[in-house]
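# Chains, contacts and geometry: an overview
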Amino acid sequence: MRRLTGFNVISLTLGFAFLYLPMIILITYSFNSSKLVTVWAGFSTKWYGELLQNEAFLDAAWVTVQVAVVSSTIATVLGTMAALVLVRAGRFPGRTLFSGMIYAPLVMPEVITGLSLLLLFIGIGLDRGIFTIILAHTTFSMCFVSVVVSSRLMTFDESLEEAALDLGCSSFQAFRLVTLPIIAPAVISGWLLAFTLSLDDLVIASFTAGPSSTTLPIKIWSSIRLGVSPEINALSTIMIAIVAVGVITASLITKRASLRQQADERAAVRA
Amino acid sequence: MSQTVFEPWNDPQAKPLIQFKNVTKRFGDFTAIDNQTFDIYEKEFFALLGPSGCGKTTMMRMLAGFEAPTEGTILLAGQDIAPIPPNKRAVNMMFQSYALFPHLSIWENIAFGLKRDGKSKDEIAARVAEMLKLTRLERFANRKPHQISGGQRQRVALARSLAKAPKLLLLDEPLGALDAKLRQDTQFELMDIQETTGTTFVIVTHDQEEAMTVASRVAVMDDGKIVQADTPARIYEMPNSVYVADFIGEVTIISGTARRGDGAYEVSFAEGQPTLFAESDTEFANGQECHLAIRPEKVSITAEKPSDRRNALEGSILDIAYLGNLSTYHVELAGGQIVKAQTANTRRLSRRDFTWEDRVWLSWTDTAGILLKG
Ligand SMILES: Nc1ncnc2c1ncn2[C@@H]1O[C@H](COP(=O)(O)OP(=O)(O)OP(=O)(O)O)[C@@H](O)[C@H]1O
Ligand SMILES: [Mg+2]
């Protein structure tokens, strides 16, 4: 058994402190009863109550949730379809180009993506609002879904689909009844990933949002320019909680699925 | 035997279930199936046998609809199946990898095909129960595929492909993963199922004993071609080529030249060795090259030269392969030719007649061997 030496304990503490101290401070001060952000005056949840009274924040939160749910759902459908083509269709002319083009937004600076979308929307005369944010978020989160799903599809045994066809399924039924349930964990983690990406995106949203549709990150960003209020701390704490739940769920699902797959493979080897 | 023999391939009236007509399958410029024409009849148990990569799986996949012939046509019950997609064919395939659906229980796996047919709930339940009983899987109905053993999984795959009572069932190395005992049990189970359901089976196997046990006809393949398709007995006793003789069972091939004698051909094969005699239906010209194929169990091994047989050769024992019930002796003749002889081990080992290096006589009758051209 290896032990934690003193040195290891210190580096671990420092590392985690570096990563999480800012968030811990933020969360702590969200429970501060004082209006002064940097002076501790006792525990209170009153800022959470105030938050619920703040129409502007609530509106922004509602926009954010709508955008996140709709865009991550569309991105999941499109990303899964793209993954199917990339993994299944074998060689076709332009395949390399196609896959390169799907993965490019992964490394594209967000400012560029945001700007080019803005130019497009202006060019085609689309009024900026919640709809344009959804389009923009779908565009950039789709490639993340596609990466997650195609890595699962690589190890998917195609004879399962052939067996489904053999037993009387149409191709679509075979996908719905066999392929989709089996790759579901990857699709769900892709969705969660897209959801959290959309939830905390500031850059692309600020390019594509209109005056009527402000998302939470934009709202927070603009209001701290007037000074940090405890309400913002409370709001940020809630967002941290949502994102954390999303990320943890996604990784648990992936972990369980891979453990399960290992068990299946062990069983297959024993057979 | 009073029973009528099942030999539809000899009956000109019989209608074949499957007809391959000049079927060729190419992958790029590689020819996997080379211009094959043959028939498979209803209720047959047709075994495809051949070395790895000779095209057995390709043949099955064309029948199931996962590959299309590059040239030629395949007829099922007189109908060209080319335009029929796999999900519309009355053909089911049991995959070599089983391809069980991991997210469904054993029960649901077996019911999968029935549900697609839009059968009623009761009908499906009854049929699945029947299949579970047939394959002795009742106790595992609610388990998932990864919770049962390899042999059980193999039976699930079989039950699933049988459930729809297809006209034609394709089994791609169905017993590959089983131990000898379970394999034999399942072979008999398969034959039982075949007798009770009347389904036509096409089975791929690497195991010639399996092919001999279950098949009504065995097709020996080589390099995309069926070399011979015939009953197991005829394949064994009357191979049409050295390739088939050598592929099925043990055999000694003695190559020489033929000369027509009285009633039998005379075969001279080596300087200083006596001439051998063999009856043959195949015609050979005088001096034509020929190969005498002879099964080890038809060769007697004695200490003295037998007086009653014309075919007698002397040699010394090079090797003894002990197989439990049988022993195979490898006897080397004076010119280096090796001839195999097999005897039943009716006595205990310690009282065996012959041992290494012993000089022995090998003999057989004129009809024991078969003369082949190539
Ligand atoms: N999709 C494919 N593309 C290219 N070549 C293929 C393809 N499928 C099969 N082949 C080739 O066709 C030949 C026959 O393959 P097939 O799978 O039918 O062999 P097999 O007789 O079933 O062998 P085994 O006993 O090892 O299963 C092989 O040489 C194989 O490499
Ligand atoms: Mg094969």
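Quick caveat: nothing in here was measured; it's all calculated off a predicted structure.

## What to know about the overall build of chain A
The secondary structure content of chain A amounts to 11 helices and zero strands. Each of the three principal axes of chain A carries a C-alpha extent, and together these read 70 × 65 × 30 Å. Residues classed as buried in chain A amount to 37% of the 271 residues present. Long-range contacts, defined here as pairs at least 24 residues apart, represent 70% of the contacts in chain A between residues at least 6 apart. As displayed, chain A has an accessible area near 15,300 Å², and 71% of this comes from carbon and sulfur atoms. Averaging the coordinates of the 17 positive side-chain charges in chain A and doing the same for the 15 negative ones gives two points 10 Å apart.

## What about the overall build of chain B?
Check the secondary structure of chain B and you find eight helices and 20 strands. With the principal axes as the frame, chain B shows a C-alpha extent of 75 × 50 × 50 Å. For chain B, the proportion of its 374 residues judged to be buried stands at 50%. Within chain B, contacts between residues separated by at least 24 positions form 67% of all contacts whose residues are at least 6 apart in sequence. Looking at chain B as shown, the accessible area adds up to about 17,900 Å², and 47% of this sits on carbon and sulfur atoms. Within chain B, the 49 negative side-chain charges are centred at a point lying 8 Å from the centre of the 43 positive side-chain charges.

## Focus: the site of ligand 1
Residues and elements named next belong to chain B. Around ligand 1 sit F27, F30, A32, S52, G53, C54, G55, K56, T57, T58, E173 and H206, and that is every residue in its neighbourhood. Note that an oxygen atom of ligand 1 is positioned 2.9 Å from one of the backbone N or O atoms of G55. In the complex, the protein chains occlude 62% of the 640 Å² of accessible area that ligand 1 would expose alone. Only β2 (30–41) and α1 (56–64) provide two or more residues apiece to the shell around ligand 1. No other element matches the three residues that α1 contributes to the shell around ligand 1. Looking at the shell around ligand 1 residue by residue, the class counts come to four nonpolar, six polar and two charged.

## Thoughts on the pairing of strand β18 (residues 338–344) of chain B
Residues and elements named next belong to chain B. Sheet topology note: the strand β17 (residues 326–333)/β18 ladder contains seven bridges and is antiparallel. Of the residues in β18, the one forming a bridge with E332 is I338. Hairpin geometry of β17 and β18 is characterised by an intervening segment of four residues between the two adjacent antiparallel strands and by a positive phi of about 105 degrees at G336.

## Side note on the UniProt feature "domain: ABC transmembrane type-1" (unreviewed entry) in chain A
Per the UniProt record, "domain: ABC transmembrane type-1" (unreviewed entry) is found at residues 61–253 of chain A. Regarding residues 61–253 of chain A, the helix share stands at 81% and the strand share at 0%, and the terminal C-alpha atoms are separated by 27 Å.

## Notes on the nonpolar core
I18, F20, F101, L168, L170 and V202 of chain B are the most contacted members of the largest nonpolar core, which has 53 residues in total. No other element matches helix α8 (residues 171–199) of chain A, which puts seven residues into this core. With residues up to four places along the chain from it excluded, the contact list for F101 of chain B reads L160, A163, A164, L167 and V178 of chain A together with N109, F112, P145 and R160 of chain B. Listed in part, the 40 residues of the second largest apolar core include A163, L169, I193 and I203 of chain B.

## Section: the sheet that holds strand β5 (residues 79–80) of chain B
Residue and element names in this part refer to chain B. Judged by pairing direction, the sheet is antiparallel, and its four strands sit side by side in the order β2-β1-β4-β5 without closing on themselves. Every interior strand has two partners, whereas the edge strands, β2 and β5, have only one. The sheet contact formed by strand β1 (residues 16–27) and strand β4 (residues 71–76) spans five bridges and is antiparallel. Within the sheet, the bridge partner assigned to T24 lies in β4 and is E71.

## Quick look at the domain arrangement of chain B
Residues and elements named next belong to chain B. When cut into domains, chain B gives domain 1 (8–240) and domain 2 (250–372). Between the C-alpha centres of domain 1 and domain 2 there is a distance of 39 Å. Contacts between the two partners involve six residues from domain 1, matched on the other side by five residues from domain 2. Summed over both partners, the interface of domain 1 with domain 2 comes to about 470 Å²; 49% of that surface belongs to carbon and sulfur atoms. The largest share of the area that domain 1 buries against domain 2 comes from Y236, E237 and P239, three residues that together contribute 83% of it. For the pair domain 1 and domain 2, the interface holds one salt bridge. For K298, the salt bridge identified is with E237, shortest N-O distance 3.1 Å. Counting every contact that joins domain 1 to domain 2 gives three residue pairs in polar contact (both at pLDDT 80 or more).

## Brief notes about the confidence of the model for chain A
For chain A, mean pLDDT is 86; residues scoring 70 or higher make up 96% of the total. At the level of individual helices and strands, chain A shows its lowest average pLDDT in helix α11 (residues 230–270) of chain A, which scores 79, and its highest in helix α7 (residues 158–166) of chain A, which scores 93.

## Re the packing of aromatic side chains
All names here are of chain B. Tallying each qualifying case throughout the model produces 14 aromatic pairs over all chains. Ring geometry for F101 against F112: centres 4.5 Å apart, planes inclined by 50 degrees, an arrangement best described as tilted. Taken together, the positions of F101 in the loop between β6 (91–94) and α2 (106–116) and F112 in helix α2 put the pair 11 residues apart, joining distant regions of the chain. Pairing Y265 with F284 gives two aromatic rings, centres 5.6 Å apart and planes at 80 degrees, and the pair type is edge-to-face. Remark: F284 occurs in the loop between β13 (276–278) and β14 (289–294) and Y265 occurs in strand β12 (residues 265–268); sequence separation between them is 19 residues.

## Focus on the side chain of D230 of chain B
Residue and element names in this part refer to chain B. Relative to the helices and strands, D230 is located in strand β10 (residues 225–230). Judged by its relative accessible area of 13%, D230 falls in the buried class. Within the structure, the side chain of D230 is placed 3.1 Å from the side chain of R234, a separation counted as a polar contact.

## A few points about α1 of chain B
Of all nine residues making up α1 of chain B, eight are buried, and the element is well covered by its neighbours. Taken from the residues just after α1 of chain B, G65 of chain B is the one with a positive phi, measuring 105 degrees.

## Topic: the pattern of salt bridges
Residue and element names in this part refer to chain B. What the rule picks out here adds up to 19 salt bridges over all chains. Here E250 and K340 are joined by a salt bridge, their closest N and O atoms 3.3 Å apart. Taken together, the positions of E250 in the loop between α8 (242–247) and β11 (252–260) and K340 in strand β18 put the pair 90 residues apart, joining distant regions of the chain. Judged by relative accessible area, K340 falls into the buried class, the value being 18%.

Rules used throughout
- Along every chain, residues carry numbers that run from 1 in the direction the sequence is written.
- The lettering of chains begins at A and the numbering of ligands begins at 1, in the order of writing.
- This being a predicted model, a pLDDT of at least 70 is required before a residue's local features are given, and a value of 80 or more before pairs of side-chain atoms are given or counted; all residues contribute to the totals for chains, interfaces and linings.
- The side-chain numbers reported here are obtained from all heavy atoms of the structure, hydrogens and water having been left aside.
- Each helix corresponds to a stretch of at least 4 residues labelled H or I by DSSP, and each strand to a stretch of at least 2 residues labelled E; elements are numbered beginning at the N terminus.
- Relative accessible area decides the class of each residue, using a 1.4 Å probe on protein chains only: under 20% of the type maximum gives buried, over 50% gives exposed, and in between gives partly exposed.
- By definition, residues are in contact when any of their heavy atoms lie within 4.5 Å.
- All accessible-area figures derive from a Shrake-Rupley calculation using a 1.4 Å probe, and residue coverage is judged against the displayed protein chains alone.
- Charge counting follows a simple rule: Lys and Arg are positive, Asp and Glu are negative, and His as well as the terminal groups are ignored.
- Where a charge lies is defined by one atom per residue type: Lys uses NZ, Arg uses CZ, Asp uses CG and Glu uses CD.
- Whether a residue is near a molecule or strand depends on its heavy atoms: it is near if one of them lies within 4 Å of it.
- Side-chain atoms alone can form a polar contact between residues adjacent in sequence; in general such a contact is a pair of N or O atoms within 3.5 Å, and within protein one must be able to donate a hydrogen while the other accepts it.
- Residues were grouped as follows: Ala, Val, Leu, Ile, Met, Phe, Trp, Tyr, Cys and Pro as nonpolar; Asp, Glu, Lys and Arg as charged; and all remaining residues, including Gly, as polar.
- The pairing criterion for strands is at least two bridges between them, as found by DSSP.
- UniProt positions are given in the numbering used here, feature names are shortened, and annotations may be inferred rather than shown by experiment.
- Residue types Ala, Val, Leu, Ile, Met, Phe, Trp, Tyr and Cys, when buried and joined through side-chain atoms within 4.5 Å, form a set referred to as a nonpolar core.
- Start and end positions for the domains come from either an automated domain assignment or a database one.
- Defined in terms of a 1.4 Å probe, buried area is the accessible area two parts forfeit on being brought together, summed over both.
- We define a salt bridge as a side-chain nitrogen of Lys or Arg found within 4 Å of a carboxyl oxygen belonging to Asp or Glu.
- Confidence of the prediction at every residue is given by pLDDT, a number between 0 and 100.
- Each Phe, Tyr or Trp ring, with Trp reduced to its six-membered ring, pairs with another whose centre is within 6.5 Å; inter-plane angles below 30 degrees give stacked pairs, above 60 give edge-to-face pairs, and intermediate values give tilted ones.

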